[in-house]
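Residues per chain are reported as follows:
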Amino acid sequence: MNRKNLTLLVILLLSSLARAGAPPAIELKDGDNRIVFLGDGFVEQAQFSGYVEARLERRFPDRRLICSNLGWSGDDVWGSARTAGYQNPAQFERLKKETTALNPDIIFVGYGLDESFAGAAGLPHFVQGYNDLLAVLEHLTPRLILLSPPCAEDLGRPLPDQVEHNRDVEQYTAAIKAIAEQRHLPFVDLFHRLVEAKRANPNLQLTHNGILLNDNGYWIAAQEIEKQLGLRPDLVQLKVSSDGKVLSADGVKAAPVDPAQPGLRLEVTRGNLPAPAAPGPIAKLAAFADPAPVMQVTGLAPGDWVLAIDGKPAVTASAEQWNSGVGITTGPDEEQMEKLRVLIGQRNDLYYRRWRPFNDHSRHWTYIGGDFALYDNEVAVDDAQIAELTRPVSHTYVLAKAASKP
Amino acid sequence: MMQFRRCRHSSLSSHSFGRLLVLAFALLSFLSPRHAVAQTTAPADDPNSDDPEVERRLLQLPPGFDIQLFASEPLLQRPVSMSFDAQGRMWVLCIPRYPQILPGQDAIDYIAVLEDTQGKGRADKSHIFVSGLRVATGMVPDDAGGAYVGEGDLLLHFKDHTGSGKSDERQIVFSGFGTADTHHTLNTFSWGPDGLLYFNQGWYINSSIETPRGMRRRFGGCIWQLHPDSLALEIYDRSIAVNNTWGRIFDAYGQPIIASAWPADINLVLPDTPLNRDDDSATMVPSLKMTKLAGERHSGLEIISGRHFPPDWQNNLITGSFNSRKVQRFAVQYDADRLSVKELDPLIVSHHNKFRPIDVKMGPDGALYVLDWYNIIIQHNQVNFRDPRRDHEHGRIWRITCKDRPLVPVPQLVDATIPQLLDHLKDPEQWTRLKAARVLAQRDRKEVVAALSRWVSGIVSEQDEHPLLEALWLYQSIDVVEPSLLGRLLHARDPGIRAAATTVLGYWHDRLPDPATLLATQADDQSLRVRLSAVLAAQRVPSSAALESALHALEHPSDAYMAFELQKAAEVLKPYWYPQFQAGQFAFGGNARRLSFALQSIKAPDAVGQLLAMLSAGKIARESQPELLAAVAALGTPQEQDAVLEAVLDTETGKAFSSSDRARLLDALVQSTRSRGTQPSADVKRVSALMSDSDELGLAAIRAVGAWKLEAERAELERISSDESSTPARRQAAIGALVDLAGPATVKHLATLAQAPKPYAARVDAIAGLAAIDTKHGAPLAAELFSEPLPAGGDPSPAFTAFFRRTGGPDLLAAALKSKKPSPDAAKIGTRQLYAAGLSAPALAEALRAGNEATDRQKQFSPAEQQRLVQLAMTQGDPHRGEKIFRSSIGCMQCHSIAGAGGNVAPDLATIGTTAQPDFLVEHLVIPNKSIKDGYIALEVVTNDGDSYTGIRQRETATDLVLRDATHDEIIIPKSTIKRQRSIGTLMPTGLTDSLTDNELADLVRFLSELGKPGPFDVGHVPVARHWLNLTTLPPEFSSLDPDAQGRTLISDAHLTWTRVFSDVAGEVPLSEVAIGSGGHSAVLRCLANVTAGGKCGLLLNSDQGVRLWLDGHPLPLAAIGSLDLAAGTHTLDFLIDLSERKSPALRCELLEVSGSTAHAQWAPVR
C-alpha cells in the first residue's frame, strides 16, 4: 500500500497521552478505515456487546470505520489457537495471512492473558513472541495500539483465588507497556483500571467466570480505551434563553426552529452520538458515568418545565435547575446509539460466522464455500447501515411548562 | 471383549438350511420364537412413509415388548439429544438448521420440554425452553430449571430464574471450542454420579479454552469434565482422540463406558489425569484398540436398570445403531476383572428407511426411550449440506415398555424431603438415584450433610455397600470430604466398590492426611480392577510417593492396560519424582524393580547410566534384564550400548539369554543404528560369528552385518544369497545386507542373481535389492523377469513394490516395460500392487495395461451417466454377482473390509448400504477422490534415502510416523529421516472400475447398497469366522501323507507360506477362492479363536464332509467339536479339506455357546 498518498495523521506517543490536554492517539484517514482487533478471548468476546466499537464509531461520524474482530479464544502471540496442533508454524501463518488480507489501517493488539498462565518463567518467551508479532504487524500498518490484558476476578469459593494469577497478569501488563514504550506505540492499561474499579465496587461483577469480562467489564474497558487513547469525554453544553435564543453551543449545533413562535423550539444536532448506556448495575454508579450533555436555559418563569425531544418528553426540571444546567441522558440520540451498538453486535456475529464458519474442515469447503459471498453481502449491508447510524441527526427540542400536578 | 453368542432358536438357519434362512430375514422372524415380531408387518407398508404409525409397524421388537410413539413432529424437528430433568420432564434439543445454517437464515434451533401428565406414554404437554440456538449439538438440563448447552464454540448455561419454564438468562460458561465439523462439536452431555458435568468433542475439533484455572487445549476428541460450581474444566479422557463418540454412561460402579460411531466400538474409559498436560496423543493416551468390544456404529448409550425391565435385562447396554437402523443390546461382564460386552439379539430392527436411533435413555417411569433422528441421510460429508433429501422437519421419540410388567411410579423428587431423597439412593433405578443425588446437592448443604451422616451411620449391614457408595458420591458432589466413609469403602467386599472408592480417593488426595499410604494398599489389592483404579488415582497426586504406591502393582499380575497405565504414571509424575531421584533424595525405598521400571518408563537418556549401574550391581531380576537392555539399546550412548552387544554375544551356558531375546536385542541395536546413527563402541565384527545361526538370531546377525557395514563378510553374504538351500528369509536378509554394503560389487552380484537360470524367487529378491540401490540398472532386469510366464508359486510382487518405493522408480520401470511387454499374470499382479501402493503412476499403469481395452468411464461421467448407472444398479443389479466382483475382480478387499474381513486401510463397508445413497456409491467408485472418508487421506512420505512410502497415517509419536499401507503392514518411519510428505488424496485408485462392464458396475453398486440392510447382506452378529489363513504352497508329498500322523508337523512348519482369505458376507469361505494343493484336491485353512474366559465352547460347521481338523496342532475328532474345553488364550484351528469328498462349495465355522458354560470366546484376526 502506498501510504504517501493517504492522508495519514500522526499517532502520538503514549508518553504524551498521560498529560492533560494531549491530542488523541487515534486519528483516521479520509474515507474508509479498516480497524482490526487481534488477540485472545478478551478481544474475541468484545465483539458481541459492541461497546468498544460503538465508542470509536461515534467519534468519527464523518469517516467510515470497518471493524474486523480477529480475536480468538485461547490465542496467544504465537497464534496458538488458530490451527490444529498448537505447535504448528501454520497457526502464526494463518494469523499473518488473515490480518494481511484485511489491509488494516489500525490494529488493536490484545494479548497476554493466556500467556500469563506461564508465570514469570514464561515472560521472556512472551516478550520475544510479542515483539516478533509486532515486527510482522508493523509491515501492515504503523498504527498499532497495544492493549493490556484485563484483570482476573475472584468470584469467591469454590472459584479460585486470583491474587497470584493477577500478580502474573500485572507483570505481563508491565512487559507490554515496556514493549510499547520501546516501539513508540500507544498502550492502553486496562488491567489497573479494572483492578481499581473492582476495589472501589467489590460487589460489581466484572467477569462472568473470573477471567472473561461480562458486559460491565467490557463497558468499563471500552470507556477506558477511549480515555487512554486521548479521546476526551465530550463536554456538550448548550445555553439558550427562554425565548429560544442560542447563547452558546459546545459540541452541538442548535438553531431556533421558528423564531416567530413564542417559547423555546430548537433544531439541535449533536456533534457525536453519546456514549453507550452502561449496563445493569453500573448504570447506577455515578463514578462510571460519562458526562451528560448539559442544557442550560435562562430566564424561565418559575415552575417545572418539560423538555420534549421530537415530541417525546425527555426530562423535567424546575426553572431553577434549568437555569443552572440539566443533564440530558435519554432521547433519540441515546436510542440511536443503542441501535448502533446492537447492529454492531449483529454485524460482528455475521462476520464471526463468515470468518470462523462451522464445518470449516477442508473437506467441507465444497459445501460451504458458496456461503462466503452471501455472508459478505450481508455484512456489507450492515456496514452501510452502521456508517449511516454513526451520524447524529437533528432533533427538535421544545421546552414547555409542565402540567400542574393534581 | 466381544462375546459372541448363538441365537439358539434360529440355529436351524445355519445347521441344515444353510444360507436359505439367512437370506430371508423376515421369514426367520416368523419361524423363530426369539425373533417373532411384536407388531405385524404389513407387507404393503411403505418403508419411506412419513406416517408415524407406519414407521411404528415397521419397527420389529422381540416378543414381550411394546413400542409406542411418545412424541413426533411438529413438536420435534431433527431432535439430536434428549434428557430427563429431576421433575421427570423430557428435554429435547432440536436442530432443524443442522448441519449448516445458511447466511441470512434465522437461528431457530430450540429445546422443547415434553411432559406426559396423563402417564399414557405420550407427551401431552410441551413448551419451548429456549429457541434461537445455532446448530447446538449437546444439552443437559441442570435440574434447577435451566440447561447446559453446547453450541458451536460456546458452552452455554441457560437459566430460568423466575420458574416460568423459559430461559431468562444466557450465560457463556466458556468459549473457544472448535467448530470444524458440526457432528463433532460439543455433544453427549450428562451428569456423572460425582456431580460433575461431562461432555464430548470429536475428531478435528480444535479447542482452546480460557478458564479461571488456566488454558485447556485439546485438538481431537476428548471427554470434558466440568465442575459447574468451581468452573474447573479438565480433559477427563483423551483416548477418544480420533473417535466420534456419541454415547457415554457410568455404570452402577461409576465405571465410564462409551459407545462410538467411529471407530465403531463400545469400550471402557480409563480416565486421564489433570497432571497430563501433554497433548501428544500417540504416547500419552491408552489406545482403546487394545480391546474392541462391539463393532457397530453407535450413537447413544444407556444401561438398563430398574424394576420395569426383566431381571435378565439388568445392566444390559443399549445403543442406537443408526447405520443399520437397529437398537442394539449387549450384556456386560467382567473377565479377569476386565469389562467385556456380549452382543445379544437387537431390541429393535427397522424395516423403515428413515428410522435412525441416535439417543437412548431410561425414563423416570422405568421405560426406555429412543430418539429417532428420522432421516434418510445421516452422513455429514458424503452428501451436500443442503441436499434436498436431508429431512429438516421430522423427528420422533419412541417409548419401549415391557408387556405384563408394571411401570415404575414416577418419583416425586423435587418436592421430597431430604430423608425421602436419601432413601431414593437405595432405589433399583439408576435414574432415580442419580436425580435424587442431584436434587440433594442443590439443597441446603448443612442440612444435607447432617442428614447424610445420620443416614450413613444407619447402614450397618455389609449387604448394603452400594447405598454407601451412593453416599460417598453425594459427598463428592457437594465437595465435602468424608475420610471415614471413604476408608470403609476402600475395603468394601465388592471389588467394584473398592475400585470406585479408590477413584474418589484420587479426587480427594489433597485433603487427606496420607493419600500415598492409602493408594499403596489399593495398588496391592487382590483385584486387578482395584489396582488399576489405584494406578489411575495415583496419577492425580503430584508426588514421588504416589508413584511409589502405584508401582506396588508391579508385584501382581498385569494386563495391557495396567502395563500402559503404570508406565504413564511414571511419565506423568516424572516432574515430582525424577528430580528427587537425581538429587539422591528418593529411590523407591531401594526397591530396584520399581526404580528400574520407572527409569525405563520415562525413556530419559540420562537414566540409562543409572539402569546399567543397577544391572551390574545385580539388582535387576533376570527376567527383567532383556527389557532393560532393550531400553539401553534404544536410548544409550555407544559406550552404554556395549553392554547390550555383550549380552547378544554371550553364549555362556546358564548365563546367556535365550536366542530369541538375543535376536531381539541385536535388532534393537540395529534399529538404533538406522534411526539414531549410533552403534556400540566395542568391536561389532564379532556378530558375524552369529550369522550361521539357523533361527532369528542368524537373521538378526545378517541384518547387523549390513547395518554396521562389515565389508569383510561380503563374500559370505554373497554365498548365502545365492545358495539355493538358504531359506527365503536368510536370502532376503543377505540381499538386504549387501544393499547396505552397496557399491559396484553389490550391483554386480545382484545383477547376476537377478537373471535366469537362477531360481525365480531369488531373482525377485535380487531385483528388489537392485531397485533399492541402482534403480536404473534394475529396471531392464525387472522387465525381463516380468515378461516371462509366471512359474507355479512365483510371486513377483516384492520386485514391483521395490520400484514403487523409489522416487522415479515407476517411470523407469514403465520405460523398460515398453520394450518388454509384461506377461498377463505379471501385469495383473503389478497393477494390483500399484493400486495397493496407492501410487498415481500413469505411465506405468499404461505399460501394465498394454492391450487392455477398458473404457475410460471417468471421462464421460456426466450427471446423466451417473443417473443411468444408479438406475441400472437399482433395477438390474444383482447383489450376489456384485459380491463376487467385490471379492475378486478389482481388488476391493485389498483395502476395504466387511465386518472386519478384508483390508483395513479403507472404511469397513458392513453397513454402507444403509448410509450411502446409490448415487454416492456410483460417484465414489468412478471418481474416488471426490469425497474421502475421515482418516483415509493417504500420505506420501519421502525419506532422506529417497525411499517413498504411501499409506494412511496411523499415529504419530514424538519420534516416529506410523503409516499403514494397502498391504496391511504398518510402516514405522523415524521422523528424523523424513525429507518431505504430502497428502495424495485417497488410496483408492482412479480407473479401478474401468475394467468392469456397466452391468458389472451395476451389480457391484447393488451389492454395496444392500450391505447392512435387513436381508442376506446384513452381517448380523452370529460369531462366524471371517479371517482365515490359507496354505498356498502345499508340498507335493502332502497329499500322500497320512494327515493324522503327519499333519501336525506339516501344519506347524514355519517354512510354509500362508495367505489371508476372508469369508463372504454370509460368513462362508468359497472354496473356489482358496489355494489347492498340487494333488489337486486338498486345501488347508486356518483360523484363530481367542478365549477370554476359559471353559466349554462349541464349534459348528456348515458341513463336516471332507474335513479334518486340528486344534493347536492336535487332531480333533469332529464328533467332539460341539463342546470343547478351551483354556483362556488364543487357539489355532487348522482345517484340511478334501475337495474330492466335500460337496459343499464353501466352509463356514461358527462359535457356539455351550449351555451352562461361562466361557467367552471370539474369533481373532490372523496376520
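Note that the coordinates shown come from a computational prediction; the quantities given were computed from them, not determined experimentally.

### As for the sheet that holds strand 10 (residues 169–175) of chain B
Residue and element names in this part refer to chain B.
And then number 1: Pairing in this open sheet of four strands is antiparallel, and the strands run 7-8-9-10 from one edge to the other. Each edge of the open sheet carries a strand with a single partner, namely strand 7 (136–141) and strand 10. For this sheet, the mean angle separating the axes of adjacent strands, direction not counted, is 20°.

### A word on the confidence of the model for chain A
And then number 1: Of the residues in chain A, 92% have a pLDDT of 70 or more, and the chain-wide mean is 89.
And then number 2: Counting contacts from residues 1–21 of chain A, a segment whose pLDDT is below 50, to residues more than four positions away or on other chains yields 37 contacts.

### Some words on the interface of chain A and chain B
And then number 1: In this assembly, 44 residues from chain A lie in contact with 49 residues from chain B.
And then number 2: Across the interface of chain A and chain B, roughly 3,700 Å² is buried in total on both sides, 51% from carbon and sulfur atoms.
And then number 3: In this assembly, chain A and chain B are joined by four salt bridges.
And then number 4: Put simply, the parts of the chain that give the side of chain A that touches chain B at least two residues each are helix 2 (41–49), helix 10 (332–355), helix 11 (365–368) and helix 12 (371–390) of chain A.
And then number 5: A breakdown of the residues in the side of chain A that touches chain B according to their chemical character gives 18 nonpolar, 13 polar and 13 charged.

### Observations concerning the pairing of strand 3 (residues 79–84) of chain B
Residues and elements named next belong to chain B.
And then number 1: Of all six residues in strand 3, six are buried; the element is thus mostly enclosed.
And then number 2: One ladder, built from five bridges, connects strand 3 with strand 4 (residues 90–94); its direction is antiparallel. Looking across to strand 4, one finds that Phe84 is bridged to Met90.

### Here's the deal with the sheet that holds strand 1 (residues 32–39) of chain A
What links the strands of a sheet is backbone hydrogen bonding, and the strands pair in either a parallel or an antiparallel sense.
Residue and element names in this part refer to chain A.
And then number 1: With parallel pairing, five strands are arranged side by side in an open sheet as 2-1-3-4-5. Sheet topology places strand 2 (64–71) and strand 5 (187–188) at the edges, where each strand pairs with a single neighbour.
And then number 2: Pairing analysis gives two bridges linking strand 4 (residues 144–147) to strand 5, with the strands arranged parallel. In the sheet register, Leu146 faces strand 5, and the bridge partner there is Phe187.

### Structural notes on unusual backbone geometry
And then number 1: Of note, the bond from A:Arg157 into A:Pro158 is cis; its omega dihedral lies within 30 degrees of zero at 5°.
And then number 2: Here A:Pro158 is to be found in the loop between strand 4 and helix 6 (163–182).
And then number 3: For the bond from B:Ala756 to B:Pro757, the omega torsion is 10°, close enough to zero to count as cis.
And then number 4: Looking at the element boundaries, B:Pro757 is found in the loop between helix 25 (743–753) and helix 26 (760–773).

### Quick word on the environment of B:Thr915
Residue and element names in this part refer to chain B.
And then number 1: Secondary-structure assignment places Thr915 in helix 34 (residues 912–915).
And then number 2: When the C-alpha positions of Thr915 and Ser660 are compared, they lie 48 Å apart, and in sequence the two are 255 residues distant.
And then number 3: Ignoring anything within four residues of it in the chain, the contact list for Thr915 reads Asn323, Ile378 and Gln379.

### Quick notes on the environment of B:Val92
Residue and element names in this part refer to chain B.
And then number 1: When you line up the elements, Val92 lands in strand 4.
And then number 2: The spacing of Val92 and Asp606 is 514 residues in sequence and 57 Å in space, taken between C-alpha atoms.
And then number 3: Those residues in contact with Val92 that sit more than four places away from it in its chain are Leu76, Pro79, Ser81, Met82, Tyr110, Ile111, Ala112, Leu114, Met139, Leu371 and Ile397.

### Observations regarding the packing of helix 19 (residues 625–635) of chain B against helix 20 (residues 638–649) of chain B
All names here are of chain B.
And then number 1: Put simply, helix 19 and helix 20 touch, their axes get as near as 8 Å, and they point 135° apart. Our classification of the angle between helix 19 and helix 20 gives oblique. Helix-helix and strand crossings are classified by hand; for helix 19 and helix 20 the assignment is left-handed. In contact with Leu629, Val632 and Ala633 of helix 19, helix 20 contributes Glu640, Gln641, Ala643, Val644 and Ala647.
And then number 2: Within the contact of helix 19 with helix 20, the residues separate by chemical class into six nonpolar, one polar and one charged.

### Details of the nonpolar core
Residues and elements named next belong to chain B.
And then number 1: Ranked by size, the top nonpolar core spans 178 residues in total, and within it Leu114, Ile397, Trp577 and Trp708 carry the most contacts.
And then number 2: It is helix 22 (residues 696–707) that provides the largest number of residues to this core, a total of eight residues.
And then number 3: Setting aside chain neighbours within four positions, we find Trp708 in contact with Leu645, Leu666, Leu669, Val670, Thr673, Gln679, Pro680, Val684 and Val687.

### Remarks on the side chain of B:Asp359
Residue and element names in this part refer to chain B.
And then number 1: Following the sequence through the fold, Asp359 ends up in strand 24 (residues 357–362).
And then number 2: A polar contact of 3.0 Å, which involves the side chain of Asp359, links it to the backbone nitrogen of Met82.
And then number 3: In this structure the side chain of Asp359 is engaged in a polar contact, spanning 3.3 Å, whose partner is the side chain of Lys361.
And then number 4: Apart from the residues lying within four places of it in its own chain, the contact partners of Asp359 are Ser81, Met82, Ser299, Gly300, Tyr369, Val370 and Leu371.

### Brief notes about the pattern of salt bridges
And then number 1: Counted according to the given criterion, the structure contains 79 salt bridges over all chains.
And then number 2: For A:Glu93, the salt bridge is made with A:Lys96, and the minimal N-O distance between the two is 3.4 Å. In this pair, A:Glu93 and A:Lys96 both sit in helix 4 (residues 89–101), three residues apart, roughly one turn of the helix.
And then number 3: Between B:Glu788 and B:Arg763 there is a salt bridge; the shortest N-O distance is 2.8 Å. Of this pair, B:Glu788 sits in the loop between helix 27 (775–787) and helix 28 (797–804) while B:Arg763 sits in helix 26, placing them 25 residues apart in sequence.
And then number 4: Since its relative accessible area comes to 4%, B:Arg763 is described here as buried.
And then number 5: Linked by salt bridges that have partners in common, A:Arg55, A:Arg58, A:Arg59, A:Glu226, A:Asp234 and A:Asp290 make up one network.

### Points about helix 7 (residues 430–441) of chain B
All names here are of chain B.
And then number 1: With 12 residues, helix 7 extends 17 Å between its outermost C-alpha atoms, agreeing within 8% with the 16 Å of an ideal straight helix rising 1.5 Å per residue.
And then number 2: Of all 12 residues in helix 7, 11 are buried, a share of seventy percent or more.
And then number 3: Within helix 7, the full set of buried residues consists of Gln430, Trp431, Thr432, Arg433, Lys435, Ala436, Ala437, Arg438, Val439, Leu440 and Ala441.

### Things to note about the packing of aromatic side chains
And then number 1: Under the counting rule described, the total for this entry stands at 33 aromatic pairs over all chains.
And then number 2: For the pair A:Phe48 and A:Tyr352, a centre-to-centre distance of 5.4 Å together with 80° between the ring planes defines the contact as edge-to-face. Taken as a pair, A:Phe48 in helix 2 and A:Tyr352 in helix 10 lie far apart in primary sequence, 304 residues in all.
And then number 3: On the basis of relative accessible area, A:Tyr352 is assigned to the buried category, the value being 2%.
And then number 4: Each member of the aromatic cluster is reached from another via a ring pair, and the members are B:Trp577, B:Tyr578, B:Phe581, B:Phe586 and B:Phe588.
And then number 5: Just above the ring of B:Tyr374 sits the side chain of B:Arg396; from NZ or CZ to the centre is 4.0 Å.

### Re the side chain of B:Glu55
And then number 1: Tracing the backbone through its elements, the reader meets B:Glu55 in helix 4 (residues 52–57).
And then number 2: For B:Glu55, the residues in contact, after removing those within four places along its chain, are B:His352, B:Phe355, B:Asp372, B:Tyr374, B:Arg396 and B:Trp398.

### Considering helix 16 (residues 574–582) of chain B
All names here are of chain B.
And then number 1: Looking at helix 16, one finds that the buried residues are Trp577, Tyr578 and Phe581. The buried residues of helix 16 occupy an angular sector of 95° when the element is viewed end-on, so they sit on one face.
And then number 2: At its buried positions, helix 16 is contacted by helix 14 (544–550), helix 15 (560–572), helix 17 (592–602) and helix 18 (608–616).

The rules behind the values
- For every chain, the first residue of the written sequence is number 1, and numbering continues from 1 along that sequence.
- For naming, the first written chain is A and the first written ligand is 1, with later ones following in the order written.
- Only residues with pLDDT of at least 70 get local features here, since the model is predicted, and only at 80 or more are side-chain atom pairs given and counted; chain-wide, interface and lining totals rely on the full set of residues.
- Computation of side-chain values: all heavy atoms of the structure, hydrogens and water removed.
- Two strands pair if DSSP finds at least two bridges between them.
- Each helix corresponds to a stretch of at least 4 residues labelled H or I by DSSP, and each strand to a stretch of at least 2 residues labelled E; elements are numbered beginning at the N terminus.
- Interaxial angle, 0 to 180 degrees, is taken between N-to-C directions of lines fitted to C-alpha atoms, where a helix line uses only the stretch in contact.
- Per-residue confidence from the predictor is reported as pLDDT, a score between 0 and 100.
- Here a residue-residue contact requires only that any non-hydrogen atoms of the pair lie within 4.5 Å.
- The term buried area means the drop in 1.4 Å probe accessible area that two parts suffer when joined, counted for both and summed.
- Between Lys or Arg on one side and Asp or Glu on the other, a salt bridge is scored when a side-chain nitrogen of the former is within 4 Å of a carboxyl oxygen of the latter.
- Amino acids are sorted into nonpolar (Ala, Val, Leu, Ile, Met, Phe, Trp, Tyr, Cys and Pro), charged (Asp, Glu, Lys and Arg) and polar (every other residue, Gly among them).
- Each residue is assigned to one of three classes by its accessible area relative to the maximum for its type, calculated with a 1.4 Å probe on protein chains only: buried under 20%, partly exposed between the two thresholds, exposed over 50%.
- Should an angle lie under 35 degrees it is considered roughly parallel, over 145 roughly antiparallel, and from 65 to 115 roughly perpendicular; all remaining angles are considered oblique.
- The hand of a helix crossing depends on one turn: near helix anticlockwise from the far one by less than a right angle means left-handed, and clockwise means right-handed.
- By nonpolar core we mean a set of buried residues, namely Ala, Val, Leu, Ile, Met, Phe, Trp, Tyr and Cys, connected to one another through side-chain atoms within 4.5 Å.
- Polar contacts, as counted here, are pairs of nitrogen or oxygen atoms within 3.5 Å of one another; within protein the pair requires one atom able to donate a hydrogen and one able to accept it, and residues that are adjacent in sequence qualify only if both atoms are side-chain atoms.
- Any helix carries an expected span of 1.5 Å times its number of residues minus one.
- For this analysis, a ring pair means two rings from Phe, Tyr or Trp (six-membered ring only for Trp) whose centres lie within 6.5 Å, classed as stacked if their planes differ by under 30 degrees, edge-to-face if by over 60, and tilted for the remaining angles.
- Two thresholds decide whether a charge sits over a ring: the Lys NZ or Arg CZ must be within 6 Å of the ring centre and within 35 degrees of the ring normal.
- Each C-beta atom gives one direction from the helix axis, and the arc is the one those directions make.

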